[in-house]
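A structural walkthrough
Now for the letters of each chain:
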Amino acid sequence: MKKIFAGLIFILFSVNVTVGGYMIGLLPDFLGYLLVAAGLKEVWQEEGIFENLVPLALEIAVFTGMIYMIRLLPMTRREGLLQVLGILAALCFFAMAYKITNGIKALEKKHLCTLSARRLVPLAGAYTVCKSAAQLLAMMNNVLAAAVTVVALAIAFLFIVTFYDTTNKYRYLQHI
């Protein structure tokens, strides 16, 4: 689960640098989804649900890789396209987080323990709503986009902390 956790950090926390009109992502989402896929491969022996998620993670990695490449291209008037693609990427994140959480719920039933799965889905949903709303507000040049983005970052932080707790609990289970 450590690789899944690391991948989620790449996905949730975008660090971009703009140089001469080119936007370069320092923590690209597609690398995050590749890490998630690698992490899913590590835990699928324990729970089969995770095996079915690897192709989805790889497909989303290709999709977000295309978004990364579009950001590198020197095009004018691409902001609207990037905002729409950003909303689709947020929805892809929610689908992935929801399915991973279902796998974690299956692990909870299997081991008769709690791995904080109940808290992950609402946080992923709230993050998706805030991230999508921020993208829509940015398309309309609304100043609220920055405030909603800050809220999305706070929720992403809570999601990461909760998933870290899940990772630690799972690691503890492996040593019992």
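Everything numeric here is computed off the predicted structure, so don't read it as measured data.

1. With respect to the overall build of the protein chain
Check the secondary structure of the protein chain and you find six helices and two strands. Order of helices (α) and strands (β) in the protein chain, N terminus to C terminus: α-β-β-α-α-α-α-α. Relative to a compact globule of 176 residues, whose C-alpha radius of gyration would be 16 Å, the protein chain shows 17 Å and is just as compact. Looking at the protein chain residue by residue over its 176 residues, the buried ones come to 42%. Across the protein chain, every contact between residues at least 6 apart in sequence was considered, and the portion connecting residues at least 24 apart equals 70%. For the protein chain, the computed accessible surface area is about 9400 Å², with 68% contributed by carbon and sulfur atoms. Treating the 15 positive side-chain charges of the protein chain as one cloud and the 9 negative ones as another, the clouds have centres 5 Å apart.

2. Some remarks on the pattern of salt bridges
A side chain of one charge can pair with a side chain of the opposite charge when the charged atoms of the two come close. Scanning the entire structure with this criterion turns up three salt bridges. The closest approach of N and O atoms between Asp 165 and Arg 119, which form a salt bridge, is 3.4 Å. Note that Asp 165 is positioned in helix H6 (residues 144-175) and Arg 119 in helix H5 (residues 117-139), a separation of 46 residues in sequence. Owing to a relative accessible area of 26%, Asp 165 belongs among the partly exposed residues under this scheme.

3. Quick look at a nonpolar patch on the surface
Residues Val 84, Leu 88, Leu 91, Leu 136, Met 139 and Met 140 make up a contiguous nonpolar surface patch of roughly 540 Å² in combined accessible area. Among the elements of the structure, helix H4 (79-111) and H5 are those that each provide at least two residues to the nonpolar patch. Positionally, Val 84 belongs in helix H4.

4. Things to note about the packing of aromatic side chains
Inspection of every chain in the model, using the stated rule, returns six aromatic pairs. Each ring, one from Phe 93 and one from Phe 159, has its centre 5.7 Å from the other, and the planes form 75°; the classification is edge-to-face. Separated by 66 residues along the polypeptide, Phe 93 in helix H4 and Phe 159 in helix H6 bring together distant segments of the chain. In this structure, Phe 93 and Phe 159 share a single accessibility class: buried. Ring geometry for Phe 159 versus Phe 163: centroids 6.4 Å apart, planes at 20°, classification stacked. Linking Phe 159 with Phe 163, this pair stays in helix H6, spanning four residues, or about one helical turn. We classify Phe 163 as buried; its relative accessible area is 1%.

5. Quick notes on the side chain of Thr 166
Mapped onto the fold, Thr 166 is located in helix H6. Here Leu 115 takes part through its backbone oxygen, which lies 2.5 Å from a polar atom of the side chain of Thr 166.

6. Focus: H4
When the terminal C-alpha atoms of H4 are compared, their 47 Å separation across 33 residues agrees well with the 48 Å that a helix rising 1.5 Å per residue should span. One or two residues past the end of H4 sits Leu 112, with phi positive at roughly 50°.

Quick notes on the rules
- Residues numbered from 1 in each chain as written.
- Predicted model: local features only at pLDDT ≥ 70, side-chain atom pairs only at ≥ 80, totals over all residues.
- Heavy atoms only, no water.
- Helix = DSSP H or I, 4+ residues; strand = E, 2+ residues; numbered from the N terminus.
- Rg over C-alpha atoms; globule rule 2.2 N^0.38 Å.
- Buried < 20%, exposed > 50% of the residue type's maximum accessible area, 1.4 Å probe, protein only.
- Contact = heavy atoms within 4.5 Å.
- Areas by Shrake-Rupley, 256 points an atom, 1.4 Å probe, with all protein chains shown as cover.
- Lys, Arg positive; Asp, Glu negative; His and termini not counted.
- Charge placed at Lys NZ, Arg CZ, Asp CG, Glu CD.
- Salt bridge = Lys/Arg side-chain N within 4 Å of Asp/Glu carboxyl O.
- Patch = residues over 30% accessible without salt bridge, like charges linked within 9 Å, V, L, I, M, F, W, Y side chains within 5 Å.
- Phe/Tyr/Trp six-rings, centres within 6.5 Å; stacked < 30°, edge-to-face > 60°.
- Polar contact = N/O pair within 3.5 Å; in protein donor to acceptor, adjacent residues only side chain to side chain.
- Expected span 1.5 Å × (residues − 1).

Functional significance is not addressed by these values, which are geometric in nature.
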